[in-house]
Amino acid sequence: MIRNLQDRIHIAGGVEMPGFGLGLYKAKAGEEVYRAVRFALDAGYKHIDTATFYKNEADVGRAIKDSGVPREELFVATKLWPTDFPNARETFEKSLVALGTEYIDLYMLHWPGTDEVLRYRAWDTILGLREKGLIHATGVSNFIADQLADMKKQTGEFPANDQVELHPWFQQRELRSFCKKNGISVTAWGPIFHGHLSEEPLMEEIGGHYGKTAAQATLRWHIQNEIVVIPKSVHQERIISNADVFNFELSAEDMERIDALDGKQRFSWDSTKFDGDAEKARKNANK
Ligand SMILES: NC(=O)c1ccc[n+]([C@@H]2O[C@H](COP(=O)([O-])OP(=O)(O)OC[C@H]3O[C@@H](n4cnc5c(N)ncnc54)[C@H](OP(=O)(O)O)[C@@H]3O)[C@@H](O)[C@H]2O)c1
């Protein structure tokens, strides 16, 4: 279990990943992202999670450069969107330029996509970039266990990390145990309920027992379950307070009460059907 904001976990390929990071989905490109990353780096965060889909890599790169934090102290994660699978190499190179870096610590397929030929062709490109040292760890996101198993079958290895929706309402227990068995680390996206934190009164109640907020209690639940977290905020006070989770411990009883929330709600698309057309998926979800 990580003990502070800089603590790293070992992931496949000999890479060490800080177990706590800043997420940037829906942070507005420009000053909002730039300031959030600066706040996080000032607060001691070492892990930044972005994606080409978020359209904010250049602001992340600018903030990292201006922060003066040495690149080797940081862990920068970004992702390849399914519609970019046919242009994996070019898209990766654009990410490098935007982020102002010579390598990416963790590069992920953002979704499996529905075209397996394109998926594995993109993955092959990623493995080649890893060979060249341009990517340190190769990961995926939103892969279910069957898709991870298929990757092993097709390519001979599992990805180092799977980043999936995971929070007390959607605990992904089967996937977590599959990943644990196969040496795949798990990162939670939406760790504090993907913006719905205030709708779960139990977190505030439990946080209150420890003089902590609902967000802190939720993040602590992840940490005690050895799940990597990347909560998103663009507000300095939240960025600081979200990371203030290393000076208390949830009791076994409180962990169990949170465990009992599983199954209430999930927010993600279906990983076996989503082809990367976000607009189409949103329309279908609203039907
Ligand atoms: N791989 C994927 O497909 C995928 C999908 C979604 C997300 N992600 C990654 O995972 C990261 C985290 O997930 P997420 O952004 O979906 O959800 P999240 O981190 O669970 O929740 C973010 C929301 O919580 C608010 N918030 C932050 N701190 C708070 C606090 N202390 N009290 C109350 N509200 C608080 C944020 O608002 P403010 O910013 O206004 O504070 C924002 O609305 C993303 O940013 C992204 O990097 C990946």
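Not measured: the values here are computed from a predicted model. (Residues numbered from 1 in each chain as written. Predicted model: local features only at pLDDT ≥ 70, side-chain atom pairs only at ≥ 80, totals over all residues. Heavy atoms only, no water.)

Of regular secondary structure, the protein chain possesses eleven helices and ten strands. Here the protein chain has a C-alpha radius of gyration of 18 Å; the compact-globule value for 287 residues is 19 Å, and the two agree. Taken over the C-alpha atoms alone, the protein chain extends approximately 50 × 40 × 40 Å along its principal axes. A buried classification covers 55% of the 287 residues belonging to the protein chain. Here the contacts in the protein chain between residues at least 6 apart in sequence split such that 74% fall between residues at least 24 apart. Of the roughly 13000 Å² of accessible surface on the protein chain, a fraction of 48% belongs to carbon and sulfur atoms. (Helix = DSSP H or I, 4+ residues; strand = E, 2+ residues; numbered from the N terminus. Rg over C-alpha atoms; globule rule 2.2 N^0.38 Å. Buried < 20%, exposed > 50% of the residue type's maximum accessible area, 1.4 Å probe, protein only. Contact = heavy atoms within 4.5 Å. Areas by Shrake-Rupley, 256 points an atom, 1.4 Å probe, with all protein chains shown as cover.)

Per the UniProt record, "domain: NADP-dependent oxidoreductase" (unreviewed entry) is found at residues 26–262. Note that residues 26–262 is 45% helix and 14% strand, and that its end C-alpha atoms are spaced 25 Å apart. (UniProt positions renumbered as here; feature names shortened; annotations may be inferred.)

A few words now on the packing of helix α7 (residues 201–209) against helix α10 (residues 252–259). In a packed pair of helices, the relevant descriptors are the angle between the two axes and the axis-to-axis distance. Between α7 and α10, the least distance of the axes is 11 Å, while the angle of their chain directions is 170°. Relative to α10, α7 is oriented roughly antiparallel. Facing α7, whose interface residues are Leu202, Met203, Glu205, Ile206 and His209, α10 presents Asp254, Arg257 and Ile258. Its residues placed into classes, the contact of α7 with α10 shows four nonpolar, one polar and three charged. (Axes fitted to C-alpha atoms, helices over the stretch in contact; angles between N-to-C directions. Parallel < 35°, antiparallel > 145°, perpendicular 65-115°, else oblique. Nonpolar A, V, L, I, M, F, W, Y, C, P; charged D, E, K, R; others polar.)

A word on the pairing of strand β1 (residues 8–11). For β1 and strand β2 (residues 15–18), the ladder comprises four bridges, and the chain directions are antiparallel. Considered in β2, the bridge of Arg8 is made with Pro18. As consecutive antiparallel partners, β1 and β2 are separated by three residues, and within that stretch Gly13 has a phi angle of approximately 90°, a positive value. (Pairing = 2+ DSSP bridges.)

What follows deals with the UniProt feature "site: Lowers pKa of active site Tyr" (unreviewed entry) in the protein chain. Under the local residue numbering, the UniProt record ascribes the feature "site: Lowers pKa of active site Tyr" (unreviewed entry) to Lys79. Here Lys79 shows up in strand β5 (residues 75–80). Not counting the four nearest positions on each side in its chain, Lys79 is found in contact with Asp49, Thr50, Ala51, Thr52, Tyr54, Tyr107, Met108, His110 and Gln163. Polar side-chain contacts of Lys79 include one of 3.0 Å to the backbone oxygen of Thr50. (Polar contact = N/O pair within 3.5 Å; in protein donor to acceptor, adjacent residues only side chain to side chain.)

This paragraph deals with the sheet that holds strand β7 (residues 135–141). Across the sheet, eight strands lie side by side as β3-β4-β5-β6-β7-β8-β9-β10; this open sheet has parallel pairing. Of all the strands in the sheet, the pair left with one neighbour each is β3 (22–23) and β10 (228–229). Bridge count between strand β6 (residues 104–109) and β7: five bridges; the pairing is parallel. The partner of Leu106 across the bridge, within β7, is Ala137.

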